[in-house]
Amino acid sequence: QQQQQRPPAPSGPGGPLTAAALAAAPPGVQKQMLGEKLFPAISRFQPELAGKITGMMLEMDNSELLILLESESQLKAKVDEAMRVLQK
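Each value, and the rule that gives it
Along every chain, residues carry numbers that run from 1 in the direction the sequence is written. For a predicted model such as this one, the threshold for reporting local features is a pLDDT of at least 70, and the threshold for listing and counting side-chain atom pairs is 80 or more; totals across whole chains, interfaces and linings nevertheless cover every residue. Calculated side-chain values reflect all of the structure's heavy atoms, with hydrogen atoms and water omitted. Note on definitions: salt bridges are taken to be side-chain nitrogens of Lys or Arg within 4 Å of carboxyl oxygens of Asp or Glu. Counting from the N terminus, the helices are the DSSP runs of H or I reaching at least four residues and the strands are the DSSP runs of E reaching at least two. Exposure categories follow from relative accessible area, calculated using a 1.4 Å probe and restricted to protein chains: below 20% of the type maximum is buried, above 50% is exposed, and the middle band is partly exposed. What a helix should span is 1.5 Å times the count of its residues minus one. It is the directions from the helix axis to the C-beta atoms that the arc portrays. Lining residues are those with an atom within 4 Å of a point, where the points come from a 1 Å grid over the protein atoms alone and group into cavities, where a 1.4 Å probe fits but cannot get out, or pockets, open sets with protein on both sides within 12 Å along at least five of seven lines. Grid points are joined across faces, edges and corners, and a volume is the space filled by probe spheres set on the points. Gly is put with the polar residues, along with every residue not named as nonpolar or charged; the nonpolar set is Ala, Val, Leu, Ile, Met, Phe, Trp, Tyr, Cys and Pro, and the charged set is Asp, Glu, Lys and Arg.

Overview of the pattern of salt bridges
Under the definition given, this model contains three salt bridges. Glutamate 81 is the salt-bridge partner of lysine 78, the closest N and O atoms lying 3.6 Å from each other. Of the two residues, lysine 78 and glutamate 81 both sit in helix 5 (residues 72-86), three residues apart, roughly one turn of that helix. You can call glutamate 81 partly exposed: its relative accessible area is 38%.

Pasting the structure below:
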């Protein structure tokens, strides 16, 4: 019986995601890092649709996503915009 080996989680506090930390990661990992920060933030506004909205937002440019993570008001506006798209 083999156990699945999980890579160790990066150490350090769950603080804000910085552009430098993001730039240091491989491109495939960057979206995952952004998604892990976006999902809980979006969940505060739309818990039922947070997964879908996070997926929609990950189509955006990484630099835009960093701005949204730093500005709750801009994030809320984007979530509201996504909700309008979903309701069509």
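Digging into helix 5
An ideal rise of 1.5 Å per residue puts 21 Å on 15 residues; helix 5 measures up with 21 Å between its terminal C-alpha atoms. Every buried residue belonging to helix 5 is among Leu75, Val79, Ala82 and Met83, and all of these are buried. Viewed along the axis of helix 5, the buried residues span an arc of 100°, placing them on a single side of the element. Those residues of helix 5 that are exposed and angled more than 90 degrees off the buried face are Ser73 and Arg84.

Re the layout of surface pockets
One number sums up the size of the second largest pocket: a volume of about 190 Å³. Along the walls of the second largest pocket sit Pro16, Leu17, Lys37, Ala41, Arg44, Leu68, Leu69, Glu70, Ser71, Glu72 and Leu75, which together make up its complete lining. Those elements that place two or more of their residues in the lining of the second largest pocket are helix 2 (27-43), helix 4 (62-70) and helix 5. Of the residues forming the lining of the second largest pocket, the biggest block, three residues, is contributed by helix 4. Here the lining of the second largest pocket is built from residues that sort into six nonpolar, one polar and four charged.

From the geometry alone we can't say anything about function, so treat these as descriptive.
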